[in-house]
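# Results of the structural survey
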Amino acid sequence: MSGRSRHASAILGQDLFGRLSQTKVLLVGAGGIGCELLKNIVLTGFGDITLLDLDTIDLSNLNRQFLFRKKDIKQSKAMVAAKTASAFNPNVKITPIHANIKEPQFDVSWFRRFHLVLNALDNLDARRHVNKMCMAANVPLVESGTAGYLGQVQPILKDRAECFDCVPKPTPKTFPVCTIRSTPSQPIHCIVWAKSYLLPQLFGEDEDGGELDEAEKQGENASEIAALRKEAQAFKAVRTALRSAPSPTASSSSSSSAAKAVFTKVFHSDILNLLSMADMWRSRAPPTPLDFDQIRAGSFASPPAAKPHPQPNGVHAHGNGNVDGKPTGSSATEILLNGAGGPAGATGAGLKDQRALSLQDNLELFVASTERLAARVRAGEETIAFDKDDEDTLDFVTAASNLRSAAYGIPGKSRWEVKEMAGNIIPAIATTNAIIAGLIVLQALHLLRKSYDALRNVHVQFKPSMPLSAIAMCPPNSFCGVCRDTYTEVLCDPARVTLQEVVDGILGAGQDAEQREVSVYEDKRVLSDPDWDDNNGRTLESLNVTRGTFLSIVDEEGEYATVQVAIGVLPPNHPVDAPALVLPEPLPRPPRKERPRPATPSPPTPSAAKKRPAPDDIEEIDSPPAKRGRMGADTASAVPFTPSKKRRLEEDGLIILDSAEEKIEEQDPDVIEID
C-alpha cells in the first residue's frame, strides 16, 4: 500500500477503504461546494467519479472555487475541475460531463449506474429533479447547500429518511407588476424594474403584453395597467432609434441622442404620465421627473432620500459630478469605478464597486452603458439579457435603478450592491463550503457502510457556542408527493407505443385493475382522465413523452399511491420484430394511501339553558348519505358521470339520479329534489 493511502486505510478500515476504489459516485455541480467536494473525494480514494456541470467559469468564481485559475475563464467548470483534481490522485478516474442534468439521456437507467449521488447544486429546480431521479433509481443521495456562514447537509435514503421534497420549500419572492412599474418603494423594486423590464424592453425581445394581461387577470389596478400599455407602445420608437445606425458624419455629441431619448422617455415623460393620475398619489409620495440637461449641468436638486452615502476611504462623489476636482462625463465615471483619481493611499481597486455614485455620475454611466449596448445590437447581437458578469448590462442596471430611485426618493445602491441583488447572489464563503464538503464525505461514508443509524442532518450555524448541529434523520413524510409514489420503468420505442398500451400494461397487476379509474399526467400536463380519453390511442412520441420523462398514473379515488412510470429506451440488441414495449417484472403494486385523520369535533358543552342533543340528533349527524334505488344494467351503461365523480358528489351531499323514474329510498325530509 502506498504512503498516499496508508492514513485513509487506517481511519476507514481495510474493508471500506478497499470498496472505495470500486464505488461509482456521481457529483452534480462543480461550483463552490463542488470544487471542495471533488478535492475531498479524490483524496479520500473514491475511484470512479462522474462530474457533471452545465456552467462555465466566470471571474467572480475565482475567490472561492480554487480548482480554477484566471486562464480558465469561459471554459467548462466540469472539464477544468476534473483536469485539476486528477493531479491530486492519479489512481482516480474522473469523467467530466459539460451538460444539464435534466437532459433526457440522464434517465433512470443512467442514474442506476451509480452507488452514490452527491449534490452540489445552487438552484431549487435541479435539486428537485435529482431528488426525484434518485427516488426512482433507488440510489442514496447526499444533498447540501450554503448561504454565507450557514450550511446544511442532508442524507437522503428512500423509505428510510425524508427526501428533499418532504418538507415544502419557500417559493421565490415576487413583486406585483404595478409596484415594480409604477409605485416602487424599495431599492430592490428599482433594481428588478431595470433588470427585468427596462433592459429587456430596450435590448431584449419585443414584448407582446402578456405580463400586463396576466396582471389584469390578477385584478391589479386597471387604470395603472392602461397607462402601462400606452407606455409600452411608446417604447417601440425608442427601440428603433437604438437599433438605427448613426450617420458617418455624426458628431460625438449626437451619438448620445438615442440615450438621451431613452432617458427622457423613461425618467421624465413616463413619470409625468403617472403624476397625471392624482388618485395614485393620495397616500404615497409622488415621484419627481428628472431633467437630463439640468442633471448634466449639476443644477438639478435631488430629493433628500436619494442623495448618496459618504464614500469610503475618503473618495467623494460630489453633486456636480466632479470627482476630487476631475472632469465629469462617462470617462470620469469609469475612472471613479476603476478606482483611479482618488487621493493618495486610497485602495481604489479593491473598493471600486462599493463607491456610491452621485446623480450626475449615474446619468453619465447610463449614457455610456446605453451606447455600448446599442452598439452591440447594431453589430448583430439580436438580444441582450442581464448577466452579473457582463459589465455593460451591470452598468446599465446600476445606473437605471439608481436614477429611478432618485426620482422616487429612494436611497441608491452601489454597483456591488446592485450586482448582489440583481444577480440573486447569496454571499459565498470559502470556509463554509469547505466545512460542508467535509460533512458530505462523512455522511457518504455512513451510507456506504450502511450505518443508517449514524446518518445525521447537519447544520452549520452562526452560533459560536454551537457551530454544528446534528439532527437524527426523520422518517419520510407520509403525504410527500415524490418519495411516497411508486416508481417503475418501461423500455419502449415512443414512436410505436401508445399511451393506452403503457397504462394498460402497468395496471395489469392485481385483480381490481379493471375497476380502478386513473388519470395520466406528464409533469403538469393532463394526458388522460376517466372522462377524456382522446390521447389514449396516440403514440408517446406524438405527446412529447420520450426518454427521461415520467408518466404519472393517479388513482381517481385517491385510495392508491401514484405510479410514476419512467420512460426508457430499448436496449441496442432489441430484436426488430420484438414488441416495442418492455414492461417491468414484477409489475408495480402501489400501496393504499394513508389518509389524514379528520379532526374530531369537540362535544358541545352541557348548559342548563340549552337542551342536550338527543341520541336521534347524534345519529342523524353521523348517518351516511341517503340511499338510492338499485339500477338495472341497461341504466348503468348510460350513466353520464364516472363512479368516482358520483362518489365525491355524494360525499358532498349531492345525489345524481340517472333517470326521472329513479327514486330515493329512505328519503330524509331535508332532502331537496331539483328537476
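Residues numbered from 1 in each chain as written. Predicted model: local features only at pLDDT ≥ 70, side-chain atom pairs only at ≥ 80, totals over all residues. Heavy atoms only, no water.

As recorded by an unreviewed UniProt entry, the chain carries the name Ubiquitin-activating enzyme E1-like and is attributed to Dichomitus squalens. Here is the UniProt Subunit (unreviewed entry) comment for the chain, exactly as written: "Heterodimer." (UniProt positions renumbered as here; feature names shortened; annotations may be inferred.)

Turning our eyes to something else, we now look at the pattern of salt bridges. The tally for this structure, following the rule as stated, stands at 26 salt bridges. Across the pair Asp-293 and Lys-260 runs a salt bridge whose closest N-O atoms are separated by 3.2 Å. Taken as a pair, Asp-293 in helix α12 (residues 292–297) and Lys-260 in helix α11 (residues 257–275) lie far apart in primary sequence, 33 residues in all. Its relative accessible area of 47% is what places Asp-293 among the partly exposed residues. For Lys-419, the salt bridge is made with Asp-389, and the minimal N-O distance between the two is 4.0 Å. (Salt bridge = Lys/Arg side-chain N within 4 Å of Asp/Glu carboxyl O. Helix = DSSP H or I, 4+ residues; strand = E, 2+ residues; numbered from the N terminus. Buried < 20%, exposed > 50% of the residue type's maximum accessible area, 1.4 Å probe, protein only.)

Axis separation between helix α16 (residues 391–407) and helix α17 (residues 415–422) bottoms out at 10 Å; the angle between their running directions is 105 degrees. Here α17 runs roughly perpendicular to α16, going by the angle between their axes. For the pair α16 and α17, the contacting residues are Glu-391, Leu-394, Asp-395, Val-397, Thr-398 and Ser-401 in the first and Arg-415, Val-418, Lys-419 and Ala-422 in the second. Each residue belonging to the contact of α16 with α17 can be placed in one class, and the counts come to four nonpolar, two polar and four charged. (Axes fitted to C-alpha atoms, helices over the stretch in contact; angles between N-to-C directions. Parallel < 35°, antiparallel > 145°, perpendicular 65-115°, else oblique. Contact = heavy atoms within 4.5 Å. Nonpolar A, V, L, I, M, F, W, Y, C, P; charged D, E, K, R; others polar.)

Ordered in space as β3-β2-β1-β4-β5-β6-β7-β8, the eight strands form an open sheet in which the pairing is mixed. Edge positions in the sheet fall to β3 (93–98) and β8 (468–472), since each has one partner strand and no second. Averaged over all adjacent pairs, the angle separating strand axes in this sheet is 15 degrees, with direction ignored. Along the sheet, helix α3 (residues 32–44) contacts β1 (24–28), β2 (48–53), β3, β4 (116–119) and β5 (141–147); its crossing angle with β1, the most-contacted strand, is approximately 165 degrees. Lying on the sheet, helix α6 (residues 124–137) is in contact with β4, β5 and β6 (150–156); it crosses β5 at an angle near 165 degrees. (Pairing = 2+ DSSP bridges.)

Positionally, Phe-550 belongs in strand β12 (residues 550–555). Sequence spacing of Phe-550 and Asp-107 is 443 residues, and the spatial spacing of their C-alpha atoms is 9.9 Å. For Phe-550, the residues in contact, after removing those within four places along its chain, are Val-108, Lys-132, Met-133, Ala-136, Tyr-487, Tyr-521, Glu-522, Asp-523, Gln-564, Val-565 and Ala-566.

Let us now look at helix α19 (residues 499–506). Note on helix geometry: an α-helix contains 3.6 residues per turn, so any two residues three or four positions apart are oriented the same way. Among the residues making up α19, those that are buried are Leu-499, Val-502, Val-503, Gly-505 and Ile-506. Summarising the axial view, the buried residues of α19 lie within an arc of 165 degrees, below the 170-degree limit, and thus occupy one face. On its buried face, α19 sits against β9 (486–492), β10 (518–522), β11 (525–528), β12, β13 (563–569) and β14 (581–582). (Arc of directions from axis to C-beta.)

What follows concerns the pairing of β5. Most of β5 sits inside the fold, with five of its seven residues counted as buried. Taken together, the two bridges between β4 and β5 define a ladder with parallel strand orientation. Paired with Val-117 across the two strands is Leu-141, which belongs to β5. A crossover links β4 with its parallel partner β5, the connecting element being α6, and its sense is right-handed. Looking at chain direction, β5 and β6 are connected through seven bridges and run antiparallel. Bridge pairing links Glu-143 to Gln-154 in β6. Hairpin connection, β5 to β6: the antiparallel pair is bridged by two residues, and Gly-148 has positive phi, about 65 degrees. (Right-handed = clockwise from strand over helix to strand, strands pointing away.)

A few words on the sheet that holds β9. Strand order across the open sheet formed by six strands is β11-β10-β12-β13-β9-β14, with mixed pairing between neighbours. Since the sheet does not close on itself, it has two edges, and those belong to β11 and β14, each with one partner. By the bridge criterion, four bridges tie β10 to β12 in an arrangement that is antiparallel. Paired with Val-520 across the bridge in β12 is Ile-553.

The grouping of Tyr-149, Leu-150 and Phe-462 at the surface amounts to a nonpolar patch, some 370 Å² of accessible area in total. Residue classification places Phe-462 among the exposed residues on the basis of a relative accessible area of 63%. (Patch = residues over 30% accessible without salt bridge, like charges linked within 9 Å, V, L, I, M, F, W, Y side chains within 5 Å. Areas by Shrake-Rupley, 256 points an atom, 1.4 Å probe, with all protein chains shown as cover.)

All right, on to the pairing of β10 then. Within a regular strand, side chains alternate between the sheet's two faces. Where burial is concerned, most of β10 is hidden: four out of the five residues are buried. Summarising the sheet, β10 and β11 pair through three bridges and their orientation is antiparallel. Bridge pairing links Glu-522 to Arg-525 in β11. Between β10 and β11, which pair antiparallel and follow one another directly, the connecting turn spans two residues, one of which, Asp-523, has a positive phi of 60 degrees.

What follows deals with the nonpolar core. Counting 51 residues, the largest nonpolar core has Phe-203 and Phe-396 as its most contacted members. No other element matches the nine residues that helix α8 (residues 187–203) contributes to this core. When sequence neighbours within four positions are dropped, the list of residues in contact with Phe-203 reads Arg-239, Leu-242, Arg-243, Thr-370, Leu-373, Ala-374, Val-377, Glu-382, Thr-383, Ile-384 and Phe-396. Core analysis: the second largest hydrophobic core is formed by 47 residues, Phe-17, Leu-20, Val-25 and Leu-448 among them. (Core = buried A, V, L, I, M, F, W, Y, C linked by side-chain atoms within 4.5 Å.)

Throughout this description, disulfide means a covalent bond between two cysteine sulfur atoms. Per the stated rule, a full pass over the model turns up zero disulfides. Cys-483 takes part in no disulfide bond, and the closest cysteine sulfur to it belongs to Cys-166, at a distance of 3.4 Å. Judged by relative accessible area, Cys-483 falls into the buried class, the value being 2%. (Disulfide = S-S within 2.5 Å.)

Moving on, we come to unusual backbone geometry. Here the amide bond leading from Glu-585 into Pro-586 is cis, since omega sits at -5 degrees, within 30 degrees of zero. Along the chain, the position of Pro-586 falls in the loop between β14 and α20 (615–622). The residue Asp-159 is not glycine, and still its phi comes out positive at about 70 degrees. Mapped onto the elements of the fold, Asp-159 is located in the loop between β6 and α7 (177–181). Here Asp-159 falls in the exposed class, since its relative accessible area comes to 51%. One non-glycine residue with positive phi stands out, namely Asn-544, at about 60 degrees. With respect to the helices and strands, the residue Asn-544 is situated in the loop between β11 and β12. Residue class for Asn-544 comes out exposed when judged on its relative accessible area of 55%.

Sequence positions flagged by UniProt for "active site" (unreviewed entry) are, in local numbering, Cys-178. When you line up the elements, Cys-178 lands in helix α7. For Cys-178, a relative accessible area of 7% translates into the label buried.

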